[in-house]
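A look at the structure
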Amino acid sequence: LDSLLQEKKRLPKMQLQDIQEYKNKKSRKHWEEVDKRVKETGKDVATVCKEMFQERTLNFRNKVKERKVENAAEFMKIESEIRANNSELTPNQLKKLINKSKTAFYKSKKDSRPRSDNLNQLDEYAKKLHTDKWCPRGEPWWDEECEESYNSLYLLGAMMDVNIEKKTHDFMTEGAPEECKKHFDLLAKKRFNFKGPGKDDIKKEEDVDSKDGVKEEADKSIKKENKNQKPSQRMEKKVKKLLDQKISTNTEGKPEEDLLQEVVNDLKKQSTNLQGYNRYKLWFPTHKPWYDDECKEFHNRIVKLAEEAGLDIKYNKSHMNTHRSKNSQLFADWFKLVNTKCQSQAKNPEEKLKRLERKQKLREKREARAEKKAQETGIPPERPQKKKKDKFKKIKQEL
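Residues numbered from 1 in each chain as written. Predicted model: local features only at pLDDT ≥ 70, side-chain atom pairs only at ≥ 80, totals over all residues. Heavy atoms only, no water.

1. Details of a positive patch on the surface
What counts is decided by this rule: Residues forming no salt bridge and having over 30% relative accessible area are the ones grouped into patches, like charges within 9 Å of each other and nonpolar side chains (Val, Leu, Ile, Met, Phe, Trp, Tyr) within 5 Å. The protein chains shown are the only cover counted for residues, whose accessible areas, like all others here, come from Shrake-Rupley with a 1.4 Å probe. Salt bridges are defined as contacts in which a side-chain nitrogen from Lys or Arg sits within 4 Å of a carboxyl oxygen from Asp or Glu. Here Asp and Glu are counted as negative and Lys and Arg as positive; His is not counted, and neither are the chain ends. A charged residue contributes its charge at one atom only: NZ of Lys, CZ of Arg, CG of Asp or CD of Glu. Labels follow the DSSP assignment, with helices taken as runs of H or I lasting at least four residues and strands as runs of E lasting at least two, numbered in each case from the N terminus.
A cluster of basic residues, Lys-352, Lys-354, Arg-355, Arg-358 and Lys-359, forms a positive patch on the protein surface. Relative to the helices and strands, Arg-355 is located in helix α16 (residues 349–377).

2. A few points about the packing of helix α3 (residues 28–41) against helix α4 (residues 45–85)
Note the threshold: Axis geometry follows a simple rule: fit a line to the C-alpha atoms, using only the stretch in contact for helices, then measure angles between N-to-C directions, giving values from 0 to 180 degrees. The hand of a helix crossing depends on one turn: near helix anticlockwise from the far one by less than a right angle means left-handed, and clockwise means right-handed. Note on contacts: a residue pair qualifies if any of its non-hydrogen atoms lie within 4.5 Å across the two residues. Polarity classes work like this: nonpolar for Ala, Val, Leu, Ile, Met, Phe, Trp, Tyr, Cys and Pro, charged for Asp, Glu, Lys and Arg, and polar for all others, with Gly in that last group.
Where α3 contacts α4, the axes come no closer than 10 Å and their chain directions differ by 115°. Regarding α3 and α4, the two cross each other, and that crossing is right-handed. Listed contacts from α4 to His-30, Trp-31, Glu-33, Val-34, Arg-37, Val-38 and Thr-41 of α3 are Val-45, Val-48, Cys-49, Met-52, Glu-55 and Arg-56. Of the residues contributing to the contact of α3 with α4, the split by class is seven nonpolar, two polar and four charged.

3. Side note on the pattern of salt bridges
Where we set the bar: Burial classes: relative accessible area under 20% of the type maximum marks a residue as buried, over 50% as exposed, and values in between as partly exposed (1.4 Å probe, protein chains only).
Tallied over the entire structure, the rule returns 11 salt bridges. Its salt-bridge partner being Lys-190, residue Asp-143 comes within 2.7 Å of it at the nearest N-O pair. Within this pair, whereas Asp-143 is found in the loop between α6 (117–134) and α7 (144–159), its partner Lys-190 is found in helix α9 (residues 177–193), the two being separated by 47 residues in sequence. Here Lys-246 ties to Glu-262 by a salt bridge, and the two come within 3.2 Å at their closest N and O atoms. Highlighted residues: Lys-246 in helix α11 (residues 231–248) and Glu-262 in helix α12 (residues 256–283), separated in sequence by 16 residues. For Lys-246, a relative accessible area of 25% translates into the label partly exposed. Its relative accessible area of 24% is what places Glu-262 among the partly exposed residues. One salt-bridge network, held together by shared partners, links Glu-33, Arg-37 and Glu-55.

4. Quick notes on the side chain of His-299
Along the chain, His-299 falls in helix α13 (residues 293–308). For His-299, a relative accessible area of 6% corresponds to the buried category. For His-299, the residues in contact, after removing those within four places along its chain, are Tyr-280, Phe-284, Thr-286, Tyr-291 and Trp-334.

5. With respect to the packing of α4 against helix α5 (residues 91–112)
Two elements in contact, α4 and α5, have axes whose closest approach is 11 Å; the angle formed by their N-to-C orientations is 145°. Between α4 and α5 lies a crossing whose hand is right-handed. Counting all contacts with α4, which are made through Asn-71, Ala-72, Glu-74, Phe-75, Ile-78, Glu-79, Ile-82 and Arg-83, the residues of α5 involved are Leu-94, Leu-97, Ile-98, Ser-101, Lys-102, Phe-105, Tyr-106 and Lys-109. Class assignment of the residues belonging to the contact of α4 with α5 gives a composition of nine nonpolar, two polar and five charged.

6. Remarks on the packing of aromatic side chains
How we decide: Aromatic rings from Phe, Tyr and Trp, taking only the six-membered ring of Trp, are treated as a pair when their centres fall within 6.5 Å; an angle between ring planes under 30 degrees marks them as stacked, one over 60 as edge-to-face, and anything in between as tilted.
All told, the structure shown has 13 aromatic pairs when counted by the stated rule. Ring centres of Phe-75 and Phe-105 lie 5.6 Å apart, and the angle between their planes is 40°; this geometry places the pair in the tilted category. Of this pair, Phe-75 sits in helix α4 while Phe-105 sits in helix α5, placing them 30 residues apart in sequence. For the pair formed by Phe-75 and Phe-105, the shared burial category is buried. Plain terms: the ring middles of Tyr-150 and Tyr-154 are 5.9 Å apart, the flat faces sit at 45° to each other, and that makes the pair tilted. Highlighted residues: Tyr-150 and Tyr-154, both in helix α7, separated by four residues, approximately one helical turn. With relative accessibility at 34%, the residue Tyr-154 sits in the partly exposed group.

Right, dumping it as structure tokens:
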């Protein structure tokens, strides 16, 4: 919230065009709501943002509480059914059975929750690859004859208790290979006889005037397109690239479905590991300037305890949670130490001076780079850097 408010405070110093670009990058709905509340209440932007943040957190907490109560009530019914059906068991056996069903119940609830966008996109794209193999309905050559052929195959698979979109390889090799061959021959024939442009055809201009810089402009436009792509498109490209690599190095002769599943599982593992590592870096910021020998010793003690318990706190999020719950006092002392170090560093004028010097060096490098580019191209920079006030005066006085 503090970073959000600081960014909003900086807006008046920027030009009108920059403010417009900034608002486009951020969520439009959020800023529309902020402007609306400012007009209605007459409060500052900072206070309105703070109130909105508090409302969101309260709503989230209330939803979590409601979900917990609902789950507990649902499990109470299941527990009463277990007790009624297994009255012959001893109390110990009954307790074990209830605990087992409890873990299974909450695990199913956890799995049914909506996951992060990347993981959902992975499953959707894997499903799309299978369906596109049998019925590419988005293609312009797809007609009623293709639809009838696909429907008859799908019905045949259903009669054999096989979903042809999920178990493609098994159905093609063991289920109905002749019918599958007829269907794919029909698709190939339709694709070959169609004369118009396909769905994935991209218009590519030939590099005729490469000396005049046409190729460079084309490369720049391609880079811009890649930047402006949606996350789902980027994910599709990534999956496709990894799948092609797996197919090229597939010496064991595995089916394409298994290779795709391996790619999806690898990417899921990477995303979960990244989430765990981000939390580890947030709780143990070894890259910060105030991280000294005292912090290092404390950090090593926490890591040693985790290794003794066989927990991977660096990449596994759940392992970190269990380690914290078992050693709550140790973690409380660690967070106190981190807060004191961070506050002392923020108040230290020498550290402020170092930070400002680093920023100034970066600014000078940026300006030198812009001047060099302007000399090479002959075009002056779009916005020349203004002379800035000396920010070091106050800090030098304090020192």
